[in-house]
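If you want the building blocks of each chain, they are given just below.
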Amino acid sequence: MVAKLQVQNLSKYFLTRDGEPRKVLDKISLDIEENEFVCIVGASGCGKTTFIRSIGGLIPAEEGDVRIDGKRVEGPGGDRGFVFQHDSLLPWRTVLDNVIFGLEVRGMRPSQSHPLGMSLLKLVGLSSFENHYPSELSGGMRQRVNLARALAIDPDVLLMDEPFAALDAQTREIMQRELLKIWAEKRKTVLFITHQIDEAVYLADRVLVFSSRPGRVAADIRIPFARPRELSLKRTPEFLKIVDDIWSLIEQEVVASMAA
Ligand SMILES: Nc1ncnc2c1ncn2[C@@H]1O[C@H](COP(=O)(O)OP(=O)(O)O)[C@@H](O)[C@H]1O
Ligand SMILES: [Mg+2]
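Residues numbered from 1 in each chain as written. Chains lettered and ligands numbered in written order. Predicted model: local features only at pLDDT ≥ 70, side-chain atom pairs only at ≥ 80, totals over all residues. Heavy atoms only, no water.

**Q** I would appreciate a short explanation of the sheet that holds strand E3 (residues 37-41) in the present structure.
**A** Working definition: the strands of a sheet are paired by backbone hydrogen bonds and lie parallel or antiparallel to each other. The strand order across the open sheet built from 6 strands is E6-E7-E8-E3-E9-E10, with neighbouring strands paired in mixed fashion. Of all strands in the sheet, those with a lone pairing partner are strand E6 (80-83) and strand E10 (216-222), marking the two edges. Shown here is a sheet whose adjacent strand axes are inclined to one another by a mean of 20 degrees, direction ignored. The sheet contact formed by E6 and strand E7 (residues 157-161) spans 4 bridges and is parallel. Looking at E7, one finds that Gly 81 is bridged to Leu 158. (Pairing = 2+ DSSP bridges. Helix = DSSP H or I, 4+ residues; strand = E, 2+ residues; numbered from the N terminus. Axes fitted to C-alpha atoms, helices over the stretch in contact; angles between N-to-C directions.)

**Q** Sorry, what's going on with the pattern of salt bridges here?
**A** A side chain with one charge can pair with a side chain of the opposite charge if their charged atoms come near. Counting across every chain of the model gives 21 salt bridges. A salt bridge links Arg 72 to Asp 65, with the shortest nitrogen-to-oxygen separation between them at 4.0 Å. Since its relative accessible area comes to 9%, Asp 65 is described here as buried. Among the charged side chains, a network of salt bridges with common partners joins Lys 4, Glu 34, Asp 69 and Asp 156. (Salt bridge = Lys/Arg side-chain N within 4 Å of Asp/Glu carboxyl O. Buried < 20%, exposed > 50% of the residue type's maximum accessible area, 1.4 Å probe, protein only.)

Here's what the structure looks like:
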């Protein structure tokens, strides 16, 4: 059986200010199985966003390729849903109209899209907020709407780039737990980027550690904790040990990236 998501020898270059090509991703290869939850951690600037955008088909793979169900990714598609750090909600549309935007674009009639949108709002804990506007919501609520919108097109693969980074610590923890609940219900293949190691270890089946300059997969760590996972897991010695191990893998690069 082929993996849900296959990345083979993916490399990516950007031009420096002097016009010199600089390698940002170096021959990354990995497989992600169906319904797997994979997190990527790594120092700022190591290429995480570039990597997830390549998988999304938002930027072309210059070398190597990305396949979903064995089919080569040539651009964005309905098989992949995105959630970014900063919500990209349309301020002039209500919460419900934001959630169903992608369905509307695909020509679904309101009689179909509205009930679907309402059920997704229920799933993300925002029943009764359908007529609010994004500006009336907190950051955590906006990210819930974003998630509902990404789920609306029913993608197989969910691509999340630091979706909780702008949230306060408490909201962030609640969102992590909620995301796992939704994932258990919807069964998606998830690729989730974060710079918080404890977030990665709490969420993931596997944590990929990226190294910098150029970005490579330096370690691929299986997270052994049973599911469902309680937030209290984060306070156990076993959990803290894994977080510590990952931290020691990237510490030098994080320090270097702060100096850069
Ligand atoms: N459009 C671009 N043009 C030139 N350089 C870029 C571009 N996008 C990202 N980079 C560079 O590529 C490297 C990786 O960036 P990014 O993928 O955003 O890293 P991360 O998400 O891990 O912080 C950084 O050095 C960044 O400056
Ligand atoms: Mg990034």
